[in-house]
Amino acid sequence: MKFLKNFLEKFFKLSRRSYLGLDLGSYALKVAEVSLEGDRPILKGFCQAKTFETAIVNQIINDQFLLSSNLKNLFSNLNPSSRNVFLSLPFELTIFGKFSANSPELLKEIEKYINDELPYKIEEVYYSYFVIPEKNEYQIYYLASKKDNIEKIKNILSELGYSLENVDGDFVNIHNFLEYLYGPENKAVIDLGNERIKIHFSNKDAPVYTRELFNLSFKNLKTQVIEELKITTDMAERFLHNPPSDSRGKKIKELYKDFFKSLVEEINFGIEIVKSKYNFSPEVIYLVGGGAKIPGINSILFDLLNLEIRKIDIKNKIGVSENIDPKYLNTITTQGVFALAAAIKEFI
């Protein structure tokens, strides 16, 4: 009996050393599974699916039934071994800030400050904070999000047989993930999403500032291509990632030129803000999201910004299951990186 008891304890302990990272987007849902084998994290699987229309609107759950169906199909396709989910919460659903304190242990003072800063009652949100010592004081960063949207996700997952174990901001997860891969550095992560583009700036210690570009998105660019070329949505999506070698491709490249000009202006504006307000400038830029797969985007932005544009490479730090096609890794480290960063957070 003693052997059996110890074996079961070991088995259940090992079974919990595997997590799912979930990224819920208005355009697509992504889930990644990461396990710890020995002391090395292993990417076991990844799956994504287009979000059912109206399931999520502006990152808010609009139709729980549709989202539940969406997730049921997603998990069924991935067939993960883990049932423990770490949720990557989009920046739009979080409130992020910082303040200074004389002691990191003044919990009531921290709670009072957060309560005063939030547009909601503190009872209406989930919140967390982390402390960075600086000379004679402490910088306290806090992150908060409304409970109602998280509770909807928690209930949907529970009905599907999954447990929501952890929630964190996507920009926090990506900061920690990149620090794990490359060490501390001043960086910017440009999330080239469908609905909008976000630029997350981090110094060597923590994420500090996010700039949202509401009028610059691939959805708008796709609409321009549809209108200019009189083609379907599916064709426009295909041409944006692989422009044809005819007059249509020439027109798409012209639209890209205007797009990149506006994007670089916004990036430079954000850099000036972090220079003046946070006293640092990014040394490297990472491109993530669907737009990161545009042909030649790295070299285009390097020429325009004169900053290193680094492609995320996980192979030196993370093992990859033989079931994952090596050619698919580029998709996982661009479109699926927030799900991956959430799944691995327990192991870094």
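Residues numbered from 1 in each chain as written. Predicted model: local features only at pLDDT ≥ 70, side-chain atom pairs only at ≥ 80, totals over all residues. Heavy atoms only, no water.

Going by an unreviewed UniProt entry, the protein carries the name Type IV pilus assembly protein PilM and comes from Thermodesulfobacterium geofontis.

Participant: Explain the packing of helix α6 (residues 218-229) against helix α7 (residues 233-241) residue by residue, including any values.
Facilitator: One way to put it is that α6 packs onto α7 with a least axis distance of 9 Å and a crossing angle of 110 degrees. Judged by the angle between their axes, α6 and α7 are roughly perpendicular. In this structure, the crossing between α6 and α7 has a hand that is right-handed. Across from Leu221, Lys222, Val225, Ile226 and Leu229 in α6, the residues of α7 making contact are Thr233, Ala236, Glu237, Phe239 and Leu240. (Axes fitted to C-alpha atoms, helices over the stretch in contact; angles between N-to-C directions. Helix = DSSP H or I, 4+ residues; strand = E, 2+ residues; numbered from the N terminus. Parallel < 35°, antiparallel > 145°, perpendicular 65-115°, else oblique. Left-handed = near helix turned anticlockwise from the far one by under 90°. Contact = heavy atoms within 4.5 Å.)

Participant: Please give an account of the pairing of strand β13 (residues 207-213) that cites residues and values.
Facilitator: Burial of β13 is extensive: 5 of the 7 residues sit out of reach of the surface. The pairing of strand β12 (residues 197-202) with β13 spans 6 bridges and is classified as antiparallel. Bridged to Ser202 within β13 is Pro207. In this antiparallel pair of consecutive strands, β12 and β13, the connection spans 4 residues. (Buried < 20%, exposed > 50% of the residue type's maximum accessible area, 1.4 Å probe, protein only. Pairing = 2+ DSSP bridges.)

Participant: Explain the pairing of strand β2 (residues 28-37) to me, and be specific about the residues and the numbers.
Facilitator: Most of β2 is tucked away: 9 of the 10 residues are buried. Alignment of strand β1 (residues 18-24) against β2, held across 7 bridges, turns out to be antiparallel. Bridging from a neighbouring strand, Ser18 pairs with Ser35 of β2. In this antiparallel pair of consecutive strands, β1 and β2, the connection spans 3 residues. Sheet analysis places β2 next to strand β3 (residues 40-50), joined by 10 bridges and oriented antiparallel. Across the sheet, the residue bridging to Leu29 is Ala49, located in β3. Two successive antiparallel strands, β2 and β3, enclose a turn made up of 2 residues, where Gly38 displays a positive phi of approximately 70 degrees.

Participant: Describe unusual backbone geometry, with residues and values.
Facilitator: The phi dihedral of Asn79 is positive, around 50 degrees, even though this residue is not glycine. Judged by its relative accessible area of 62%, Asn79 is exposed. Even without being glycine, Asn306 reaches a positive phi, approximately 55 degrees. Positionally, Asn306 belongs in the loop between α9 (297-305) and β15 (308-310). Asn306 sits in the exposed class, given a relative accessible area of 61%.

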